[in-house]
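# Architecture at a glance
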Amino acid sequence: MKLSVSKIKVLSFIAMLALVYAGRWHNPSDGIYFGMTAGAVSVFVVDLVLARGMLQNKIRSLKVVFFLFILGILPFQAIKLAVGIVVIAALLITDSKQVDTAVHGDVSDLPLKYLKKRPVKTLFELMLRLFPNPEPTGLYRIGEADASSPVFVTGNFELTVRRVAKALAGTDCWLLVCDSRGINIWCSTEAGHFGTKHIVDAIVRTDLASRVDHRRIILPQLSASNVSVGRIEDETGFRSVFGPVHIRNIAAYMENPKDMGIRKVTFNLNERIEAGIGSPTLLAVLLLIVFNFIGLHHLAVILPAVYFYTVIQAMIFPKRIIRNVWLWALFFGGFTFALNYLFLYNVLKVGFWIDSLAISIGVAYLVLEFQGWSPLVKFNYIGYRKVGISVDEELCIGCGACMTVCPKAVFKVEGGKSRVVDRAACVSCRACMVQCPVNAIDVSLNF
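Residues numbered from 1 in each chain as written. Predicted model: local features only at pLDDT ≥ 70, side-chain atom pairs only at ≥ 80, totals over all residues. Heavy atoms only, no water.

## Remarks on the overall build of the protein
What the protein contains, in helices and strands, is 18 helices and ten strands. Residues classed as buried in the protein amount to 49% of the 447 residues present. In the protein, once contacts between residues fewer than 6 apart in sequence are set aside, the share between residues at least 24 apart is 69%. Carbon and sulfur atoms provide 64% of the accessible area of the protein, an area that totals close to 21600 Å². (Helix = DSSP H or I, 4+ residues; strand = E, 2+ residues; numbered from the N terminus. Buried < 20%, exposed > 50% of the residue type's maximum accessible area, 1.4 Å probe, protein only. Contact = heavy atoms within 4.5 Å. Areas by Shrake-Rupley, 256 points an atom, 1.4 Å probe, with all protein chains shown as cover.)

Shown next, in the form of structure tokens:
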């Protein structure tokens, strides 16, 4: 039996009600906390698992959190049941009134909200970057864009749109925001949520052909693994080229599109700190569920410590004293356990050994997950998984497409042929294989 999105949400909500009741049965004095726990799980289920790029998802989630918070502090079971029924009915009604998520055909100037500095909002988005956060899709005019201005393509993750808009401010151009389900380009592309059909749909629905007198669009480089430039041209008449890895290099790209230095992904200090801030999100949700039956005071110690150590680990990661990531995870987890236990026991005179253990296990897990947060190091720490990459020199025409889309500078064109010059750096994104016009490249994973 295939469940609809509405039914899944209702079932999820019923499960959350059960979580609240189970928690209160175990510890009836802490109803506020259990309501907040269920609210956090609601955000996870509705936004992360079921999001379809709809703008009202984040609004609905906030409403669900509010209702569940109230549910947790209500005194009588009958009142709780009544409120629960009301919320379930509200979910059904809002689901029946969802708006169409298709790309809007009207052209408008870029909203000024994307150009405002919002440090608090940015921090919040980094912490919840795994959650879809969609923005309106469509064609936006930046500056004095006219028929000859370039067209840049991006996804509709709110933080991405703001950063792209900031980088393009002062440039006369068009920004085509496509539906990526409110997820960043790299993750959405790798998950198959952003690709050829989304770009084609945006071009057609915005009637881009009537807005510009050229037939050229500039795509995000990290979308190359799921984009067929041939199909886009066949279906729309637009020829696709790939811009730089990072939008901050857009000025350098406009000056010299052939600069290979702007096509190599980085993982600098700022980017590592961002990853460190965002990576504990799922673990935090899991801990909310586990410690639902233990108590709020534990999480008041555990969660801040997990975030703190994760950011510290992100900062020192390239300079770590143990290169093997598995061993480094064990070492760093053990180090945090010893440090926390000694501090809590000897300084605060409290024996929170379970808190120290939870922190150390969580941090060790996040160290292993950390590398996957950047295409720079994806797969590299898994010792039994080796990337096999080869170029058929007889088929290769030396066009350099592989060099253009590779985020790790694995290829170099020499003597009219592409050659693999840094096999160990390959992150198996397969963008080179997808974009090779003569199918001369093969990428495989060997175990």
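Further notes follow.
## As for the nonpolar core
Core analysis: the biggest nonpolar cluster contains 30 residues, and Leu176, Ile199, Leu208 and Ile217 have the highest contact counts within it. Every element with two or more residues in this core is listed here: β3 (151-154), β4 (173-177), α7 (185-190), α8 (196-205) and β5 (216-219). When residues of this core are assigned to their parent elements, the largest contribution, four residues, is made by α8. Ignoring any residue separated from it by four or fewer positions in sequence, one finds Ile217 in contact with Val151, Val153, Ile199, Ile203, Leu208, Ile232, Phe238, Arg239, Ser240 and Val241. Ala314, Ala358, Ile359 and Phe370 belong to the second-largest nonpolar core, a separate cluster that totals 25 residues. (Core = buried A, V, L, I, M, F, W, Y, C linked by side-chain atoms within 4.5 Å.)

## Some words on a negative patch on the surface
Judged by side-chain charge, Glu144, Asp146, Asp172 and Asp213 come together as a negatively charged surface patch. For Asp172, the position within the fold is in the loop between α6 (158-168) and β4. (Patch = residues over 30% accessible without salt bridge, like charges linked within 9 Å, V, L, I, M, F, W, Y side chains within 5 Å. Salt bridge = Lys/Arg side-chain N within 4 Å of Asp/Glu carboxyl O. Lys, Arg positive; Asp, Glu negative; His and termini not counted. Charge placed at Lys NZ, Arg CZ, Asp CG, Glu CD.)

## Focus on a nonpolar patch on the surface
Together, Leu269, Phe308, Ile312, Met315 and Ile316 give the surface a local cluster of nonpolar side chains, amounting to about 410 Å² of exposed area. In terms of residue count, helix α14 (residues 296-316) provides more of the nonpolar patch than any other element does, four residues in total. Of note, Leu269 is situated in helix α12 (residues 269-278). Using a relative accessible area of 39% as the deciding quantity, one classes Leu269 as partly exposed.

## Some words on α8
Regarding α8, the residues found buried are Thr196, His198, Ile199, Val200, Ala202 and Ile203. In this structure, the buried residues of α8 make contact with β3, β4, α9 (208-211), β5 and α10 (229-236).

## Here we look at the packing of aromatic side chains
One pass over the structure, following the stated rule, counts five aromatic pairs. Geometrically, the ring pair formed by Trp328 and Phe332 is tilted, given 5.4 Å between the ring centres and 40° between the ring planes. Of this pair, Trp328 and Phe332 are both found in helix α15 (residues 325-347), four residues apart, which corresponds to roughly one turn of the helix. Summarising the burial analysis for this pair, Trp328 and Phe332 share the class buried. (Phe/Tyr/Trp six-rings, centres within 6.5 Å; stacked < 30°, edge-to-face > 60°.)

Everything listed is a geometric property; what it means functionally is a separate question.
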